[in-house]
Amino acid sequence: GAAELGPYRHYMQKEIFEQPRAVADTLEGIAGIVPELFGDGAHRVFREIDSVLILACGTSYYSGCTAKYWLEGIAKIPTQVEIASEYRYRESVPNPNTLVVTISQSGETADTLAALRHAQGLGMDKTLTICNVATSAMVRECRLAYITRAGVEIGVASTKAFTTQLAGLFLLTLVLAQAKGRLSDAEEAAHLKAMRHLPAALAAVLALEPQVISWAEDFAGKEHALFLGRGLHYPIALEGALKLKEITYIHAEAYAAGELKHGPLALVTSEMPVVTVAPNDALLEKLKSNMQEVRARGGVLYVLADADTRIESGDGLHVIRMPEHYGPLSPLLHVVPLQLLAYHTACARGTDVDKPRNLAKSVTVE
Ligand code: G6P
């Protein structure tokens, strides 16, 4: 009801602004990197595994895609991420030493549960879920679990569940890195310090809202948008595009930035704004020269720039600079302005933000 919403107009807005608290709760009481954070006997499981297979749907799939960069980059563990509805129906090569990780806000998504059972049926019994509902089927059916503490999420478009999943997945990366002897004490201390700083960092990013609102005014009249990112931020571009299409009904696509010239550049006009996530100056120069080719047709860049860029807004170029450089936790911060962009664009278009047409909060039937 209205009382629960407090000062907010919609649950989605409230949930976006709850992220500092949700991430703080999710990481509360973590004094050190220990396997038992993921359940009893986790150290044995983690010692035995040689790879990770992540299964999820929707926004949870994109948190898995982000985690792949961490798991391979920091823990050096080969990682595959697969859409649950694809995995469950294809012939794959099972590896009993793979850690099967399902990611789910609800813990009841039919395809993700079926994918888990499919993996189990193939003899993969080292299972772990990152889940927001402790009493869910997913938690019951997985051997290990990490419960995110986002709290109840009401908006159909997932926000705080996503950032808390990322927090849990980053922790998993550190635990696995340590189990494999790939994390020095100094690295552990630095990562823990960065994690503890997340709530304050998220709050600083939320303060960018007025700048995002001015972008949303431009987006409200558009029917197409392109999101670009690379590396760790490619999944964030995908998530930004998903948020926009879910609640504004604007057609949005995401591409790895290097792919711009391999197709989507042909579509760019003044009617198709291009959002780029986290570029440094060098990448921005490349993107700008690409965009110059369509300048005559009015291509406009909306850039969420890293803190250490020097690029300034100019003709056809709108820059929001992030408050700080966040290192590997950067995706968790860069997604927030994209959530706000979708939210404020939806408000400007007058769509039903919390209950977008045709979509359900939890898809419990196939
Ligand atoms: C639905 C929701 C999405 C969510 C997806 C997966 O499509 O609208 O917000 O990301 O299901 O849900 P889960 O509960 O498994 O994370």
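Counting from 1, residues in each chain are numbered in the order their sequence is written. Only residues with pLDDT of at least 70 are given local features in this predicted model, and only at 80 or more are side-chain atom pairs given and counted; all residues enter the totals for whole chains, interfaces and linings.

**Student:** Mind laying out helix α9 (residues 160-179), listing which residues take part and the relevant values?
**Tutor:** Helix numbering and strand numbering both begin at the N terminus, where a helix is a DSSP run of H or I of at least 4 residues and a strand a DSSP run of E of at least 2. The length a helix should cover is 1.5 Å for every residue beyond the first. With 20 residues, α9 should cover 28 Å at 1.5 Å per step; its first-to-last C-alpha distance of 29 Å lies within 8% of that length. Just downstream of α9 lies glycine 181, where phi reads positive at about 70°.

**Student:** Describe the pairing of strand β7 (residues 251-256), with residues and values.
**Tutor:** What makes two strands pair is DSSP finding at least two bridges between them. Relative to β7, strand β6 (residues 224-229) runs parallel, the two being bridged by six bridges. In the strand pairing of β7, leucine 228 is matched with tyrosine 255. Assignment of crossover handedness uses the view with strands pointing away from the viewer, where a clockwise path from the first strand over the helix to the second indicates a right-handed crossover. Regarding topology, helix α13 (residues 234-248) serves as the crossover connection from β6 to the parallel β7, and that connection is right-handed.

**Student:** Run through the sheet that holds strand β3 (residues 98-104), naming residues and quoting values.
**Tutor:** Overall, parallel pairing links the five strands, which are arranged β2-β1-β3-β4-β5 in an open sheet. The open sheet has two edge strands, β2 (79-83) and β5 (144-147), and neither has a second partner. Sheet twist, expressed as the mean angle between neighbouring strand axes with direction ignored, is 20°. In this description, a residue-residue contact is defined by the distance between C-beta atoms placed from the backbone, which must lie within 7 Å. Orientation is described by lines fitted to C-alpha atoms, with helices fitted over the stretch in contact, and by angles between N-to-C directions that extend from 0 to 180 degrees. Where helix α7 (residues 110-121) meets the sheet, it contacts β1 (51-56), β3 and β4 (127-131), and its direction lies at approximately 170° from that of β3. Helix-sheet contacts for α9 involve β3, β4 and β5, and the interaxial angle to β4 is about 145°.

**Student:** Explain the nonpolar core to me, and be specific about the residues and the numbers.
**Tutor:** For this analysis, nonpolar core means a set of buried Ala, Val, Leu, Ile, Met, Phe, Trp, Tyr and Cys residues linked through C-beta atoms within 7 Å. Buried means a residue has 20 or more other C-beta atoms within 10 Å of its own C-beta, exposed means 12 or fewer, and partly exposed covers the counts in between; C-beta atoms are placed from the backbone. Counting residues in each nonpolar core, the largest one holds 117 residues, and the members touching the most others are Phe227 and Val274. When residues in this core are grouped by element, the largest group, 13 residues, is from α9. Setting aside chain neighbours within four positions, we find phenylalanine 227 in contact with Ala237, Gly240, Ala241, Ala252, Ala254, Val275 and Val277.

**Student:** Which residues make up the sheet that holds strand β8 (residues 274-277), and what values do they have?
**Tutor:** Pairing within the open sheet is parallel, and its five strands lie in the order β7-β6-β8-β9-β10. Two strands bound the open sheet, and with one partner strand each, they are β7 and β10 (317-321). With strand direction ignored, the average angle separating the axes of adjacent strands in the sheet is 20°.

**Student:** Talk me through helix α5 (residues 58-73); I want residue IDs and the actual numbers.
**Tutor:** An α-helix turns once every 3.6 residues. As a result, residues three or four positions apart point the same way. For α5, with 16 residues, the first-to-last C-alpha span of 24 Å sits near the 22 Å given by 1.5 Å per residue. For α5, the buried fraction is high: 13 of the 16 residues fall into the buried class.

**Student:** Run through the site of the ligand, naming residues and quoting values.
**Tutor:** For the ligand, the set of nearby residues contains 16 residues, the closest of which are Gly58, Thr59, Ser104, Ser106 and Thr109. No other element matches α5, which puts three residues into the shell around the ligand. When residues are grouped by polarity, Ala, Val, Leu, Ile, Met, Phe, Trp, Tyr, Cys and Pro land in nonpolar, Asp, Glu, Lys and Arg in charged, and all others, Gly among them, in polar. Along the lines of polarity and charge, the residues of the shell around the ligand split into five nonpolar, 10 polar and one charged. For each residue, a C-beta position is placed from the backbone atoms; the residue is near a molecule or strand when that point lies within 6 Å of it.

**Student:** Outline the packing of helix α12 (residues 209-219) against helix α15 (residues 330-349), listing residues and values.
**Tutor:** Put simply, α12 and α15 touch, their axes get as near as 8 Å, and they point 50° apart. On the basis of their axis angle, the class for α12 and α15 is oblique. For the crossing formed where α12 meets α15, the hand is right-handed. Contacts between α12 and α15 involve Glu209, Val212, Ile213, Trp215, Ala216, Glu217 and Phe219 from the first element and Pro337, Leu340, Leu341, His344, Thr345 and Ala348 from the second. Grouping the constituent residues of the contact of α12 with α15 by class yields nine nonpolar, two polar and two charged. What sets the label is the angle itself: under 35 degrees gives roughly parallel, over 145 gives roughly antiparallel, 65 to 115 gives roughly perpendicular, and the rest give oblique. It is the rotation of the near helix from the far one that decides the hand of a crossing: anticlockwise by less than a right angle makes it left-handed, clockwise makes it right-handed.

**Student:** Please provide a residue-by-residue account of the packing of helix α3 (residues 19-26) against helix α11 (residues 198-206), values included.
**Tutor:** Where α3 meets α11, the closest approach of the two axes is 8 Å, and the angle between their N-to-C directions is 170°. Here α3 is positioned roughly antiparallel relative to α11, judged by the angle of their axes. As α3 runs across α11, the sense of the crossing is right-handed. Note on element contacts: α11 touches α3 through Leu198, Pro199, Leu202 and Ala203, opposite Gln19, Pro20, Val23 and Ala24. Its residues assigned to classes, the contact of α3 with α11 shows seven nonpolar, one polar and no charged.

**Student:** Which residues make up the environment of tyrosine 62, and what values do they have?
**Tutor:** By the secondary structure assignment, tyrosine 62 is in helix α5. On the neighbour-count criterion, tyrosine 62 (29 C-beta atoms within 10 Å) is buried. As for tyrosine 62 and valine 52, which are separated by 10 residues in sequence, their C-alpha atoms are 15 Å apart. If sequence neighbours within four positions are ignored, tyrosine 62 has contacts with Pro235, Leu238 and Glu239.

**Student:** Could you give an account of the confidence of the model for the protein chain, naming the residues involved and the relevant values?
**Tutor:** The pLDDT value tells you how sure the predictor is about a given residue, anywhere from 0 up to 100. Of all residues in the protein chain, 99% have pLDDT values of 70 or greater, and the mean over the chain is 95. With pTM at 0.97, the complex prediction returns an ipTM value of 0.98.

**Student:** Give a detailed account of unusual backbone geometry, specifying residues and quantitative values.
**Tutor:** In the Ramachandran plot, alanine 278 falls in the positive-phi region, its phi being about 65° despite a non-glycine side chain. With respect to the secondary-structure elements, alanine 278 resides in the loop between β8 and α14 (281-295). Alanine 278 gets classed as buried once you count the C-beta atoms within 10 Å, which come to 26. Notably, asparagine 358 is not glycine yet its phi reads approximately 70°, a positive angle. Tracing the chain through its elements places asparagine 358 in the segment after α15.

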